[in-house]
Amino acid sequence: MNLSVKISNISKKFNATIALNSINCEINKGEIFGFIGPDGAGKTTLFRILTSLIIPDTGTAIVDGDNVVSDYKLLRNKLGYMPGRFSLYQDLTVEENLKFFAGVFKTSIKENYHLIEPIYKQIEPFKNRRAGKLSGGMKQKLALSCALIHKPNVLFLDEPTTGVDAVSRKEFWEMLKHLKSNELTIVVSTPYMDEAAQCDRVALIQKGEILDINTPQNIVNSFSHKLFALKCDNMYELNIESQTNKNTHSAYLFGETIHWVAKSEECKMNFISEINAKNFKNFEILQIQPSIEDCFMELMTK
Amino acid sequence: MKDFIIKEFKQIFRDYRSMVILFGIPIAQVLLFGFALTMDLNDVHFAVLDKSKDEYSKKIVDKINSSDYFILDQNLNSESEITKIFEKGIVKEVIVFESNFTENFIKKGTANLQIIADASDPNTANMLVNYTKAIVDNFQQTIVTENSLKGIVIPQIEFKYNSELKSVFMFVPGIITIILMLVSAMMTSISIAREKELGTMEILLVSPIKPIQIIVGKVLPYVLLSFINFMVILILSFWVFGMPMDGNMFLLLVEAVLYIVMSLALGIFISTVSNSQQTAMLLSMFALLLPTILLSGFIFPIENMPQILQILSNIMPSKWFIIIVKSIMLKQGSFIDVWKETLILISFTVFFIVLSIKKFKIRL
Amino acid sequence: METVVEVKNLVKKFGNFVANDNLTFEVKKGEIFGFLGANGAGKTTAIKILCGLSTPTSGELNIAGFNIYTEREKIKKNIGYMSQKFSLYDDLTIAENIKFYGGIYGLSLKKIKEKTIKYIEALNLEQYTKKMVAELPLGIKQKLAFMVSVIHEPKIVFLDEPTSGVDPITRRQFWDMIYNEANKGTTIFVTTHYMDEAEYCNRISIMVDGKIEALDTPANLKKTFNSNNMENVFIQLARKATRID
């Protein structure tokens, strides 16, 4: 398969802070690729390097065949970019925003309407409303339409779902899946671990370093421990107990359960008997499949 | 490019605050300076201690008293009364004639007269003295011509181009200069900084649009608006204050456009070094507006400044523009009279345009 | 159990727009109360009213035992507030921040010193004591902000998306802190976009179009809406929204 993005040994420092530390990553054409990590992991810096907005200290990045430093002029014709904040002109209407960005890329709404139609149709009834007065979900749709209007080859979406409610987030991922095609590579970053499952492949990123790159399924498969979900009536006490117990490898609150890993098979047995001895009401222990978030936390502590 | 300019206009017209800055403030300033803040003197009370009480001293007192600026409050009899009368606060100036004033003047060629002014308000005091001096000089000149006395040095009267001494004529060129600077530099720098703040600049930078296109797109609407502004102030000063319009108006307009372009280039330069609207605003206020007001000769005459400030005033583009406007409007100057200043302005313009294009980053 | 938040028929209108439509709920002492809703459902408006920053159009409200119309100042002394956007001053050190907030609530210098030492120990901040808050990692900053928000031992603390963007381990440590605080008897009123965090709450209310559409324990909500997780419950409810902003 053809490569769309090739990142080799990219590092970037801001004063004393290391934002990116020797990043290597390859993204295939037509993929939905996710950079998953918390704030401050270096996602935005990486995206700005890939969109030719900042120059890395070391390393090279090739996007759609062009070097992001030396061939930035060529590259800028083929990129779609949606920065972290929905960067729209608040005082222009929905339609004016779209028209303006089409103009910037020397195209027109008419020419590429088919590309954005499924998304833009949803906000078209409000096309005379000022962008500043749209709801979060609608702003997101407009920003996406603006980033797509010039038919880019690679689309960079920097935290498109941050601060957006669960419904809009779900809708947004559905839209991205509709956009997926051989001609368009979509690179997304997100702090929400559960969104990893929506990507073809993901890179887990933390403190400027990539922890792992793989398909979500393979990442989950590579989790090397048995994971258990613990539950009882008094979760507060159980949480403290499981975190401080000497048989515990890791214990994290996870929704209505505690995700727990034992140091060894023997430790697991010891743990269960200790818990039973302490009389936790309705105690349940069940082996479960790990999620990306479990894997991320495991990789973080390595 | 066309889209850019259209967008820019829409944004300007939709933001009522920028409309107020654009048109409201200039009009308010012209009226404010024109009416409320005129430094013209009207009916200032003065007293006289005339030790000679002869022909010339009386004539001078009459002349001062008959001007619009002064009213004779009273005649004093001794020097001890001078302090007392100042303390009352009504009289702002006392004129003391030496004894045998007329005789000294005709025979010795010099006669002494002392002007004492209440300097608790130094500006007014300064002006009072200047006015009085002008009237005395004027009188002296008449006497000299009438009696064809020779050998006496006749001082030049300083109010030659504004013989009515109307301060509004002095202010209008200054106001034009300040306002064009304010509107052009501040508005462009703020509008570019706003794009950075909102993040739209990121998208523009990532697009194939060239920096020069962004700059021209930003600048063009403001050239037009500033020009309209300039016209409004001119018309206002003509209708309301009777500002003379005898100079070469075409030349004035060309010079104004030159100055506007210079200010805009300066505004873009400011925006390249500021990342938020606030910084842009503060920078244009303190780094631009204040020095312009203080050092351009708009309020404080450059000749009275300390040497170092006089030298510094030369790098204020506004100083040169004020000279040009005054020269054209008040002296009916032609291009020959202002070519030097024009050349300096052109150099400033080129300098700032080159600087801002160079500084305008193609990356973040 | 003592009731610390009592809201009856709260209505807030902006012109014709009804931001909060007849909200009625109670929160008990030491409860962790999740306040969920889609963007624009009216959460922020309601929280502003509960904190005494905005006056309701109508309704009866008692916060920490004080009337919202007549005893606003007393309410402010008894509540804490923290959000991702506004927390600590980046250009002050940790101790200076604690001193400032402690000072606002009239804590004695001795008490402030005690708390400072306690917080620095609790978060292992020894290496950061002389540094500006800006230099702290986001996760630690958020934890410190939470501690500072309860420095005056308020009856209720309002947390507005406190964990947004924080890494998963720190997020959990943050929730451990919340549990601890609730165990001491402080009422926690929290909003979040992470649906797994909704499960950590004792009770959850979900707002849609200005109304509370559901209010119950996570377990009961999942039963009622026939879902195995809260995300599903939330989406079922929020999809009903007809309001566009």
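None of the values given here were measured: they were computed from a predicted structure.

## Thoughts on the overall build of chain B
Turning to step 1, where the next piece is worked out: When you go through chain B residue by residue, the secondary structure sums to 14 helices and four strands.
Turning to step 2, where the next piece is worked out: Compactness check: chain B gives a C-alpha radius of gyration of 26 Å against a globular reference of 21 Å for 364 residues, more than 25% above the reference.
Turning to step 3, where the next piece is worked out: Taking the principal axes of its C-alpha atoms as reference, chain B extends roughly 85 × 45 × 40 Å.
Turning to step 4, where the next piece is worked out: Out of the 364 residues belonging to chain B, those deemed buried represent 48%.
Turning to step 5, where the next piece is worked out: By sequence separation, contacts in chain B at least 24 residues apart represent 76% of the contacts at least 6 residues apart.
Turning to step 6, where the next piece is worked out: As displayed, chain B offers around 17700 Å² of accessible surface, 63% of which is attributable to carbon and sulfur atoms.
Turning to step 7, where the next piece is worked out: Computed over 31 positive and 31 negative side-chain charges, the separation of the two mean positions in chain B equals 11 Å.

## Quick look at the pattern of salt bridges
Turning to step 1, where the next piece is worked out: If you walk through the whole model with that rule in mind, you get 40 salt bridges over all chains.
Turning to step 2, where the next piece is worked out: One salt bridge in this structure joins Asp196 of chain C and Arg172 of chain C, with 3.6 Å as the shortest N-O distance. Within this pair, whereas Asp196 of chain C is found in helix α7 (residues 195–198), its partner Arg172 of chain C is found in helix α6 (residues 168–183), the two being separated by 24 residues in sequence. A single burial state applies to Asp196 of chain C and to Arg172 of chain C, both of which are buried.
Turning to step 3, where the next piece is worked out: Counted as one network, the salt bridges with shared partners bring together Glu293 of chain A together with Arg171, Arg172, Asp196 and Glu197 of chain C.

## Section: the interface of chain A and chain C
Turning to step 1, where the next piece is worked out: Contact with chain A, which involves 33 residues of that partner, is made by 32 residues of chain C.
Turning to step 2, where the next piece is worked out: Surface buried jointly by chain A and chain C totals about 2800 Å² across both partners, of which 58% is contributed by carbon and sulfur atoms.
Turning to step 3, where the next piece is worked out: Where chain A meets chain C, there are three salt bridges.
Turning to step 4, where the next piece is worked out: The shortest N-O distance in the salt bridge between Glu293 of chain A and Arg171 of chain C comes to 2.6 Å.
Turning to step 5, where the next piece is worked out: In this assembly, chain A and chain C are joined by twelve residue pairs in polar contact (both at pLDDT 80 or more).
Turning to step 6, where the next piece is worked out: Listing elements by their share of the side of chain A that touches chain C, those giving two or more residues are α6 (166–179), α8 (235–244), β12 (248–254) and α10 (292–301) of chain A.
Turning to step 7, where the next piece is worked out: Along the lines of polarity and charge, the residues of the side of chain A that touches chain C split into 16 nonpolar, seven polar and ten charged.

## Some words on unusual backbone geometry
Turning to step 1, where the next piece is worked out: A positive phi angle is found at Lys53 of chain B, which is not glycine, with a value near 50°.
Turning to step 2, where the next piece is worked out: Examined against the element boundaries, Lys53 of chain B turns out to sit in the loop between β1 (44–50) and α3 (55–66).
Turning to step 3, where the next piece is worked out: Positive phi outside glycine occurs at Glu161 of chain C, with the angle close to 45°.
Turning to step 4, where the next piece is worked out: If you trace the backbone, Glu161 of chain C turns up in the loop between β7 (156–160) and α6.
Turning to step 5, where the next piece is worked out: By relative accessible area, which is 21% here, Glu161 of chain C ends up partly exposed.

## What to know about a nonpolar patch on the surface
Residue and element names in this part refer to chain B.
Turning to step 1, where the next piece is worked out: A cluster of nonpolar residues, Met281, Leu282, Met285, Phe286, Leu290, Leu294, Ile299 and Phe300, forms a patch on the protein surface that exposes about 700 Å² of accessible area.
Turning to step 2, where the next piece is worked out: As for its position among the elements, Phe286 is in helix α11 (residues 277–295).
Turning to step 3, where the next piece is worked out: What makes Phe286 exposed here is its relative accessible area of 55%.

## Here's the deal with the pairing of strand β3 (residues 32–37) of chain C
Residue and element names in this part refer to chain C.
Turning to step 1, where the next piece is worked out: Of all six residues that make up β3, six are buried, and the element is covered over most of its length.
Turning to step 2, where the next piece is worked out: Of the two faces of β3, the one holding Ile32, Gly34 and Leu36 and the one holding Phe33, Phe35 and Gly37 are both buried throughout.
Turning to step 3, where the next piece is worked out: The pairing of β3 with strand β8 (residues 187–191) spans three bridges and is parallel. Pairing of Ile32 across the sheet is with Ile188, part of β8.
Turning to step 4, where the next piece is worked out: Bridge count for β3 against strand β9 (residues 203–208) is five bridges, and the pairing is parallel.

## Thoughts on the domain arrangement of chain B
Turning to step 1, where the next piece is worked out: Under the domain assignment used here, chain B contains domain 1 (2–37 + 166–359) and domain 2 (44–162).
Turning to step 2, where the next piece is worked out: Of note, the centres of domain 1 of chain B and domain 2 of chain B, computed from C-alpha atoms alone, are 43 Å apart.

Here is what the cut-offs are and how they apply
Residues numbered from 1 in each chain as written. Chains lettered and ligands numbered in written order. Predicted model: local features only at pLDDT ≥ 70, side-chain atom pairs only at ≥ 80, totals over all residues. Heavy atoms only, no water. Helix = DSSP H or I, 4+ residues; strand = E, 2+ residues; numbered from the N terminus. Rg over C-alpha atoms; globule rule 2.2 N^0.38 Å. Buried < 20%, exposed > 50% of the residue type's maximum accessible area, 1.4 Å probe, protein only. Contact = heavy atoms within 4.5 Å. Areas by Shrake-Rupley, 256 points an atom, 1.4 Å probe, with all protein chains shown as cover. Lys, Arg positive; Asp, Glu negative; His and termini not counted. Charge placed at Lys NZ, Arg CZ, Asp CG, Glu CD. Salt bridge = Lys/Arg side-chain N within 4 Å of Asp/Glu carboxyl O. Buried area = accessible area lost by both parts, 1.4 Å probe. Polar contact = N/O pair within 3.5 Å; in protein donor to acceptor, adjacent residues only side chain to side chain. Nonpolar A, V, L, I, M, F, W, Y, C, P; charged D, E, K, R; others polar. Patch = residues over 30% accessible without salt bridge, like charges linked within 9 Å, V, L, I, M, F, W, Y side chains within 5 Å. Pairing = 2+ DSSP bridges. Domains from an automatic or database assignment.

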